Amino acid sequence: MKNAYRILAGAVCALALGTAGAQNYPSKPVTIIIPFAAGGPTDIVGRQLAQAMTKPIGGTVIVENKPGAGGTLAAEFVKAAAPDGHTVLLHHIGMSTAPALYRTLRFNPLTDFEYIGQVVDVPMTLVARPDFPANNMKELVAYVKANKAKVNLANAGLGAASHLCGLLFQSAIQTEIQTIPYKGTGPAMTDLQGKQVDILCDQTTQTTQLIQTDRIKAYGATSSKRISSLPNLPTMAEQGFPAFEVAVWHGVYAPKGTPKPVLDKLNAALRAGVKDATFAASMDKLGTLPVSDAALTPDGLRNHLKAEIDKWTPIIKKAGQYAD
Ligand code: ASP
């Protein structure tokens, strides 16, 4: 019933737009909902994207953080938002891992949204507090195995990229350690630098400068090739973990039933924003990789989402980690 109402609301909205298309859109600020805490990697991408989309969309674009439950609360929130293009979701790879991790997920990533396009791919880095005893990957593995009862791993909750990466790390070294969930890796990184937690796997959008200035220790990158802004950091594959590859891809979603002219305008603004010179240069500096033109489309996002769900579901099920 709720769904029928939403489809009706979308139809009414489309009718209201009529032949004028999306001429009156946006009629108020467009809010990009960020599923994690302010100051973290997803927030960094979201804030810069909001700025880059402001001119092409012809209105203000702001961000709002709605952290919780590994990013799933934000997706639920946007699913229930008015389908008028003024509330959209920026989410990452977590959109594809949540279905396998949550026994009860209150949204279906493949049917509850409209798809705007992908944004940028971000590698992850395995890092530790500045005074952690291990100085390289070999020492890290040996230390964690020998001290598994006391070493801990911070993450941004079940469904976060840091959770997935931590899961891959534990399975690669066949050792389980205690995990400490945060509302985002922004606050987790603050605690890591403050030496309150030991290890974290996090996107280069947050770790690049900290690694470059030796404020945290780094052991490996989850990309297939070395990250150009961190040329001395070996990949996980180089260090004997060939299956340890994670690219944190991002997508922008709108509530189901958002009218097509509005979706088209959002997509055009996203494409212009991602190609904006300031956005591109800043992302490049943070170790990210640009996406193809095909990825910057609704189909490019939905097809990738589907492929990633198919890829991660069996891996996560094998690891056997769930939430209710
Ligand atoms: N890096 C986080 C993650 O693990 C999210 C964030 O705070 O941006 O998904």
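Structure: above.
About the thresholds
- Residues numbered from 1 in each chain as written.
- Predicted model: local features only at pLDDT ≥ 70, side-chain atom pairs only at ≥ 80, totals over all residues.
- Heavy atoms only, no water.
- Helix = DSSP H or I, 4+ residues; strand = E, 2+ residues; numbered from the N terminus.
- Buried < 20%, exposed > 50% of the residue type's maximum accessible area, 1.4 Å probe, protein only.
- Contact = heavy atoms within 4.5 Å.
- Lys, Arg positive; Asp, Glu negative; His and termini not counted.
- Charge placed at Lys NZ, Arg CZ, Asp CG, Glu CD.
- Near = heavy atom within 4 Å.
- Polar contact = N/O pair within 3.5 Å; in protein donor to acceptor, adjacent residues only side chain to side chain.
- Areas by Shrake-Rupley, 256 points an atom, 1.4 Å probe, with all protein chains shown as cover.
- Nonpolar A, V, L, I, M, F, W, Y, C, P; charged D, E, K, R; others polar.
- Pairing = 2+ DSSP bridges.
- Arc of directions from axis to C-beta.
- Salt bridge = Lys/Arg side-chain N within 4 Å of Asp/Glu carboxyl O.
- Axes fitted to C-alpha atoms, helices over the stretch in contact; angles between N-to-C directions.
- Parallel < 35°, antiparallel > 145°, perpendicular 65-115°, else oblique.
- Left-handed = near helix turned anticlockwise from the far one by under 90°.
- Phe/Tyr/Trp six-rings, centres within 6.5 Å; stacked < 30°, edge-to-face > 60°.

1. Things to note about the overall build of the chain
In terms of regular secondary structure, the chain is built from eleven helices and ten strands. Taken along its principal axes, the extent of the C-alpha atoms in the chain is 65 × 40 × 30 Å. Burial status across the chain gives 55% buried among its 324 residues. Considering only contacts in the chain between residues 6 or more positions apart, those separated by 24 or more positions represent 80%. Looking at charge distribution, the chain has the averaged site of its 31 positive side-chain charges lying 2 Å from that of its 24 negative ones.

2. Observations concerning the site of the ligand
In the vicinity of the ligand, the contacting residues are F36, P41, T42, H92, A156, A160, A161, S162, G184, T185, D202 and Q203. For the ligand, an oxygen atom lies 2.6 Å from a polar atom in the side chain of H92. Within the side chain of S162, one N or O atom sits 2.5 Å away from an oxygen atom of the ligand. Compared with its free state, where it exposes 270 Å², the ligand has 100% of that area covered by protein. For the shell around the ligand, the elements supplying multiple residues, two or more each, are α2 (41–57), α6 (161–172) and β7 (199–203). Considering only residue class, the shell around the ligand consists of five nonpolar, six polar and one charged.

3. Here we look at the pairing of strand β3 (residues 87–92)
Among the six residues that make up β3, six are buried, leaving the element largely enclosed by the rest of the structure. Of the pairings in the sheet, the one linking strand β1 (residues 30–34) to β3 comprises three bridges and is parallel in character. Residue T31 lies in a different strand from β3, and its bridge partner there is T87. In the sheet, β3 pairs with strand β9 (residues 247–255) via four bridges, with the strands oriented antiparallel. From the neighbouring strand, L89 faces β9, where its bridge partner is Y253.

4. A closer look at helix α5 (residues 137–146)
What α5 keeps buried is the set M137, L140, V141 and V144. Down the axis of α5, the buried set is contained in an arc of 95°. They therefore lie on one face. Summarising the geometry of α5, the exposed residues directed more than 90 degrees from the buried face are K138 and A146. Looking at the packing, one finds that the buried side of α5 touches β4 (113–128), α6, β7 and β8 (217–221). The backbone nitrogen of K138 has a side-chain oxygen 3.2 Å away, supplied by the residue at the start of α5, namely N136.

5. Brief notes about the side chain of E308
Along the chain, the position of E308 falls in helix α11 (residues 298–319). Buried within the structure, E308 lacks any salt-bridge partner; its nearest side chain of opposite charge belongs to K311, at an N-O separation of 4.3 Å. A distance of 2.8 Å separates polar atoms of two side chains, one belonging to E308 and the other to W249. Leave out the neighbours within four places in its chain, and E308 touches I93, S96 and W249.

6. Notes on the packing of α2 against helix α9 (residues 260–275)
Following both chains from N to C, one finds α2 and α9 inclined at 125°, their axes separated by 8 Å at the closest point. The orientation of α2 with respect to α9, classified from their angle, is oblique. Regarding α2 and α9, the two cross each other, and that crossing is right-handed. For the pair α2 and α9, the contacting residues are L49, A52, M53, P56 and I57 in the first and K265, L266, A269, L270, A272, G273 and V274 in the second. Residue classes in the contact of α2 with α9 are distributed as ten nonpolar, one polar and one charged.

7. Here's the deal with the environment of L90
Its place among the elements puts L90 in strand β3. Classification of L90 by relative accessible area gives buried; the value is 0%. In sequence terms L90 and Y253 are 163 residues apart; their C-alpha atoms lie 6.6 Å from each other. If we skip the residues at most four places from it in the chain, L90 touches I32, I33, I34, P35, T42, V45, G46, V119, H250, G251 and V252.

8. Describing the packing of aromatic side chains
Tallied over the full model, the rule gives four aromatic pairs. The interplanar angle of 65° and the centroid separation of 5.9 Å between the aromatic rings of F113 and Y253 together place this pair among those described as edge-to-face. Here F113 is found in strand β4, whereas its partner Y253 is found in strand β9, with 140 residues between them in sequence. Pair check on accessibility: F113 and Y253 agree, each one buried.

9. Points about unusual backbone geometry
Backbone torsion omega between Y25 and P26 reads 0°, so that peptide bond is classified as cis. Tracing the chain through its elements places P26 in the loop between α1 (2–17) and β1. Of note in this structure, Q174 is not a glycine but carries a positive phi near 50°. Looking at where Q174 falls in the secondary structure, it is placed in the loop between α6 and β6 (178–181). With a relative accessible area of 73%, Q174 lands in the exposed category. The backbone phi angle of D214 is positive, close to 55°, even though this residue is not glycine. The topology assignment puts D214 in the loop between α8 (204–212) and β8.

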